[in-house]
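Coordinate inspection notes
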Amino acid sequence: MGQEITTSQLRKWLLAYAARIIENEAHLTKLDTAIGDADHGVNMRRGMSKLKERLKEEKQSEDVSSFLRSVAMTLISGIGGAAGPLYGTFFLRAATSPTNGSSIDLVQLTQMFRYGLDGLQQRGKAQADDKTMIDTMQPAVEAMEAALAAHQSPAVILAAARQAAHLGMKHTIEIEARKGRASYLGPHSIGHQDPGATSAYFLFETAAEVFTKTGAG
Ligand SMILES: Nc1ncnc2c1ncn2[C@@H]1O[C@H](COP(=O)(O)OP(=O)(O)O)[C@@H](O)[C@H]1O
Ligand SMILES: [Mg+2]
C-alpha cells in the first residue's frame, strides 16, 4: 500500500463531512422526527460548525493522532445528545490506531476505522441490527478489511466501504430499534431509516470521494 493519506487530507475529508452534514441537516431532523426527538440534524450541525471552526486553519505538520484526538474533543462538546459522545469516542479511539506520524496508508486507514468502530461499540453497547450507526459502520469496516485482504486497490477499498455503508444504512429501515431513543417505539420503529446510521454513512461517502480524488485511490 504505497499511497499515503496525510493529516492534511484527513482534514479535507472532515471538512467535506461537515459540509455534507450541514447540507443534510433537514433530512437528519426529519428522520429523527419519525423515530426520535427531532434533534439529530441540529445536534450534528452544531458539532460540524464547531468542527469547521477547529479545522479552519491548517496546523503545519500536525500528526494524525493528535489531529484525530482534537476532532474527538470538538465533537464530544459540539454535538451533544447521544451521538456526541458516540462520535467523540469513535475519533478518540481512532486516534490510538497505528500511524506513520503525519500520514497513514490504506491498511492504517482501515485500522483507524476499525479502532473507532470497536470503541464506539464498547461505549454504546449496540450490536449489528439494533438500528443504530453501528449498522452503517460495521459492514463498512468489514468491507474495507475484506477488500484489503483481497489486495484490492485503494479506490476499490474505499468504494466497497461506501457501498456497504449505504446498504447498512438502508437496512436500518427494515429493522426494529433495540438501542437509543427509537427503541421506545418498539415495532413502530420499523419502516424508518435511522438518523445516526444516516449521519455515519456520510463519513464513508466523503472518505471515498476525498481520498480517491486526492491521489490515495
Ligand atoms: N447505544 C448506541 N450505540 C450506537 N448508536 C446509538 C446508540 N444510541 C443511539 N445511537 C445513535 O444515535 C442516534 C440519535 O442521535 P441524537 O438524536 O443526536 O441523540 P438523542 O438520541 O440523544 O436524541 C440514533 O439514530 C442512533 O444511530
Ligand atoms: Mg435525537
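Not measured: the values here are computed from a predicted model. (Residues numbered from 1 in each chain as written. Chains lettered and ligands numbered in written order. Predicted model: local features only at pLDDT ≥ 70, side-chain atom pairs only at ≥ 80, totals over all residues.)

Thoughts on the overall build of the chain
What counts here: Secondary structure elements are taken from DSSP: a helix is a run of H or I of four residues or more, a strand is a run of E of two residues or more, and numbering for both begins at the N terminus. In this setup the radius of gyration rests on C-alpha atoms only. A globule is expected at 2.2 Å times the number of residues raised to 0.38. We call two residues in contact if the C-beta atoms placed from their backbones are at most 7 Å apart.
Helix and strand counts for the chain stand at nine helices and two strands. Ordered by position from N to C terminus, the α and β elements of the chain give β-α-α-α-α-α-β-α-α-α-α. A compact globule built from 217 residues should have a C-alpha radius of gyration of about 17 Å, and the chain, at 16 Å, falls within 12% of that. Overall size of the chain, expressed as C-alpha extent along the three principal axes, is 50 × 40 × 30 Å. Long-range contacts, defined here as pairs at least 24 residues apart, represent 70% of the contacts in the chain between residues at least 6 apart.

Digging into the site of ligand 1
Using the following cut-off: Only the C-beta atom matters for nearness: placed from the backbone, it must lie within 6 Å of the molecule or strand for the residue to count as near. For this classification, Asp, Glu, Lys and Arg are treated as charged, while Ala, Val, Leu, Ile, Met, Phe, Trp, Tyr, Cys and Pro are nonpolar and the rest, including Gly, are polar.
Ligand 1 sits among 23 residues. The nearest are Gly 81, Gly 124, Thr 132, Gly 180 and Gly 196. Going through the elements one at a time, helix H3 (40-55), helix H5 (83-94) and helix H9 (195-216) are the ones with two or more residues in the shell around ligand 1. Top contributing element to the shell around ligand 1 by residue count: H9, with three residues. Considering only residue class, the shell around ligand 1 consists of eight nonpolar, eight polar and seven charged.

Examining helix H2 (residues 25-35)
The line we're drawing: Counting other C-beta atoms within 10 Å of each residue's C-beta, where C-beta atoms are placed from the backbone, gives the exposure class: buried for 20 or more, exposed for 12 or fewer, partly exposed between. Note that the arc is defined by the directions from the helix axis to the C-beta atoms.
All of the buried residues in H2 are Leu 28, Leu 31, Asp 32 and Ile 35. For H2, the arc enclosing every buried residue in end-on projection is 95°, short of the 170-degree limit, so these residues lie on one face.

Points about the nonpolar core
Our working rule: Under the definition applied here, buried Ala, Val, Leu, Ile, Met, Phe, Trp, Tyr and Cys residues are grouped into a nonpolar core through C-beta atoms within 7 Å.
Counting 62 residues, the largest nonpolar core has Phe 91, Ala 140, Met 144, Ala 161 and Ala 207 as its most contacted members. Looking at this core, the element that brings in the most residues is H9, giving ten residues. Not counting chain neighbours up to four residues away, the residues in contact with Phe 91 comprise Leu 68, Val 71, Ala 72, Leu 75 and Gly 116.

Focus on the packing of H2 against H3
Convention followed: Every axis corresponds to a line fitted to the C-alpha atoms, with the helix fit spanning only the stretch in contact, and the corresponding angles, defined between N-to-C directions, vary from 0 to 180 degrees.
Running from N to C, H2 and H3 cross one another at 145°; their axes reach a closest spacing of 6 Å. The segment H2 lies against H3, with Glu 25, Ala 26, Leu 28, Thr 29, Leu 31 and Asp 32 engaging His 40, Gly 41, Val 42, Met 44 and Arg 45. Class assignment for the residues of the contact of H2 with H3 results in five nonpolar, three polar and three charged.

What about the packing of H5 against helix H6 (residues 106-124)?
Note the cut-off: For classification, angles of less than 35 degrees are called roughly parallel, those exceeding 145 degrees roughly antiparallel, those between 65 and 115 degrees roughly perpendicular, and all remaining angles oblique. Two helices cross in a left-handed way if the nearer one is turned anticlockwise from the farther one by less than a right angle. They cross in a right-handed way if the turn is clockwise.
Between H5 and H6, the least distance of the axes is 7 Å, while the angle of their chain directions is 135°. With respect to each other, H5 and H6 are oriented oblique. The hand of the H5/H6 crossing is right-handed. Between H5, through Pro 85, Leu 86, Thr 89, Phe 90, Phe 91, Leu 92, Arg 93 and Ala 94, and H6, the contact on the second element is made entirely by Met 112, Tyr 115, Gly 116, Asp 118, Gly 119, Leu 120, Arg 123 and Gly 124.

Considerations on helix H8 (residues 154-174)
Quick reminder of the rule: Expected span of a helix, by definition, is 1.5 Å for each gap between consecutive residues, and there is one gap fewer than residues.
An ideal rise of 1.5 Å per residue puts 30 Å on 21 residues; H8 measures up with 31 Å between its terminal C-alpha atoms. Of the positions making up H8, those classed as buried are Pro 154, Ile 157, Leu 158, Ala 160, Ala 161, Arg 162, Ala 164, Ala 165, Gly 168, Met 169 and Thr 172.

Comments concerning the environment of Lys 52
If you trace the backbone, Lys 52 turns up in helix H3. Residue class for Lys 52 comes out partly exposed when judged on the 15 C-beta atoms lying within 10 Å of it. Apart from residues lying up to four places away in sequence, Lys 52 is in contact with Leu 15 and Ala 18.

A word on unusual backbone geometry
With a phi angle near 75°, Asp 129 is a residue other than glycine that sits in the positive phi range. Among the secondary structure elements, Asp 129 is positioned in the loop between H6 and helix H7 (134-149). Owing to 16 C-beta atoms within 10 Å, Asp 129 belongs among the partly exposed residues under this scheme. In this model, Lys 131 sits at a positive phi of 65°, which is unusual for a non-glycine residue.

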